[in-house]
Amino acid sequence: MDVSYASEGYINLRNSIITSSTSLIEPSKRPSLKPSAARPPRLYGLPKIHKEGTPLRPIVSMINSPTYKLARFLSDTLLPFTGKTSSAVLNSTQLVSMVKDMVLSPDDILVSFDVVSLFTKVPVPDTLTIIEDLVQHGLNSDVPALVRHCLTNTYFTWNGTFYKQNEGTPMGSPLSPVIANMFMGKFESDAIQTSTLRPSLWKRYVDDTFVIWPHGLPALNHFLDHINSRHPSIRFTMEVEKDGKLPFLDILFERRPDGSLGHSVYRKATHTDSYLKPDSPHHPFQKNSLIKTLYHRAHGISDQHHLAGELRHVHRALRMNGYSDRIICQAVSPTTQKQPHETPTKTITLPYIACNVTAVGQAPPLSPPTAAATADVDTPREVLTFRLSRRRGGPASRRFRSFRSPLTVARLTDLAQLRLRSDPQPHEPGPHKDTDLAALRSPLACPARLL
């Protein structure tokens, strides 16, 4: 690959594309999408220890790369347009809630389909066409060009050499999951509609699909051949239930004698129940989140027949990792929520400098508000809190004294005309003089600030 992809000219091209998108990116947000010290993406591999031969999963670290912030922005922009199909699921808990009341017939087969290397096999030209069609459904017209720029300029470094990715999207880019979801939504809709026999249930999470097939095993094999023939880049693998059980994501579905579906938490054979230790230097919030997540998953996935056993397993695993019963109970106990105030209040603070106020504790009778004073307070007519702070002592003193009095907005506008008397010696008697409204508005006097 030509190193110019990581050069200053490439970054300037990216910046010019961002600047030209006037209708999508606000001027105040454009600088945040242009990293000033970008670095090239880096390729590394994560071993798949649960698979034979321990293959590597290629990951491209895109953090601080030239297009990372732009890809994250586009991901948030495209996210509302994904998941519109009836087959999409957000997580395991949602899938369980969808199928927990289903009753299977004896001919139904539990099946899962998995796309082989989806991210690196997503056809970019087809996905860009899908995104361009979304402009007619409310997507900003600048988005397709920005997505094209991110997807067609993917590169990374490996052992000091630059490489350009010609196909698919990198696993590690914020934009890749959204792009994969958008393509798979269109792909599965066309594949099912063109099939002679269709599944009774098809639910997909990114590249994994949970299926209930009612037409027998021979027809299932023909259906697999059908969906594998729809696009040259997309290939599915299939797993059929064994002994009435089928793992899917972190769920283990189980066929019951009455036809209902049981579900419990699934762990791979390589799982060791090793978690973050309580004596690690991580923040306590992260450790509490770990405990809450395990218990939340137990309640969200396990049915009533498996919940007690799963809770015992989680507790035993946490104790094995060094967590005490007290820490576990504190993490999972419900927190007390503060009740909101019945009457919303706002606070106005007047910094007080060398002034004496004629009345403290309640507002004195004042004249009707003037137009100038009313224009300064543009607030709904609701009860506010007036706080007057006076600094006492010398310059080194940090003691303050506050007075509060409930005022309505009308009386608050009158407060702008409050007659103040300046005291050249705050703690000694002396002559006073009146301070007019113009002096009150001066930055050196006592300006009001709405909080």
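The rules we used
- Residues numbered from 1 in each chain as written.
- Predicted model: local features only at pLDDT ≥ 70, side-chain atom pairs only at ≥ 80, totals over all residues.
- Heavy atoms only, no water.
- Helix = DSSP H or I, 4+ residues; strand = E, 2+ residues; numbered from the N terminus.
- Buried < 20%, exposed > 50% of the residue type's maximum accessible area, 1.4 Å probe, protein only.
- Core = buried A, V, L, I, M, F, W, Y, C linked by side-chain atoms within 4.5 Å.
- Salt bridge = Lys/Arg side-chain N within 4 Å of Asp/Glu carboxyl O.
- Expected span 1.5 Å × (residues − 1).
- Contact = heavy atoms within 4.5 Å.
- Phe/Tyr/Trp six-rings, centres within 6.5 Å; stacked < 30°, edge-to-face > 60°.
- Pairing = 2+ DSSP bridges.
- Axes fitted to C-alpha atoms, helices over the stretch in contact; angles between N-to-C directions.

Caption draft 1: Just the overall build of the chain, in detail. What the chain contains, in helices and strands, is 14 helices and 18 strands. Relative to its full complement of 451 residues, the chain shows a buried share of 40%.

Caption draft 2: Seen up close, the nonpolar core. Membership of the largest hydrophobic core comes to 45 residues, with the highest contact counts inside it found for Leu74, Leu78, Phe113, Leu118, Val147, Leu175 and Phe236. Judged by nonpolar contacts, the second largest core, of 16 residues, contains Val96, Leu104, Phe210 and Phe253.

Caption draft 3: Quick peek at the pattern of salt bridges. One pass over the structure, following the stated rule, counts nine salt bridges. We note a salt bridge from aspartate 250 to arginine 297, for which the minimum N-O separation is 3.9 Å. Placement of the pair is aspartate 250 in the loop between strand E9 (245-248) and strand E10 (251-255) and arginine 297 in helix H9 (residues 284-301), with a sequence separation of 47 residues. When its relative accessible area of 21% is taken as the criterion, arginine 297 is described as partly exposed. The salt bridge partner of aspartate 273 is arginine 267, with a shortest N-O separation of 4.0 Å. Judged by relative accessible area, aspartate 273 falls into the buried class, the value being 13%.

Caption draft 4: View of H9. If you check H9, its first and last C-alpha atoms are 26 Å apart, about what 18 residues at 1.5 Å a residue would give, namely 26 Å. At its buried positions, H9 is contacted by helix H3 (92-99), E10, strand E11 (261-265), helix H10 (307-320) and helix H11 (325-332).

Caption draft 5: Expanded view of the packing of aromatic side chains. Under the criterion given, the structure shown has 11 aromatic pairs. Centre to centre, the rings of phenylalanine 113 and phenylalanine 236 are 6.3 Å apart; their planes meet at 90 degrees, and the pair counts as edge-to-face. One end of the pair, phenylalanine 113, is in strand E3 (residues 109-115); the other, phenylalanine 236, is in strand E8 (residues 236-240), with 123 residues separating them in the sequence. Consider the rings of tryptophan 202 and phenylalanine 223, whose centres lie 6.0 Å apart with planes at 75 degrees: the pair is edge-to-face. Residue tryptophan 202 is found in strand E6 (residues 201-205), and its partner phenylalanine 223 is found in helix H8 (residues 217-228); the two are separated by 21 residues along the sequence. Feature note: the residues Phe113, Phe183, Phe187, Trp202, Trp213, Phe223 and Phe236 constitute an aromatic cluster, connected by ring pairs.

Caption draft 6: Broad picture of the sheet that holds E11. Pairing is antiparallel across the open sheet formed by three strands, whose spatial order is E9-E10-E11. Each edge of the sheet is formed by a strand with only one pairing partner; in this case those strands are E9 and E11. Taken pair by pair, the neighbouring strands of this sheet meet at an average axis angle of 25 degrees, ignoring direction. Note that E9 and E10 share four bridges and pair antiparallel. The partner of leucine 246 across the bridge, within E10, is phenylalanine 253.

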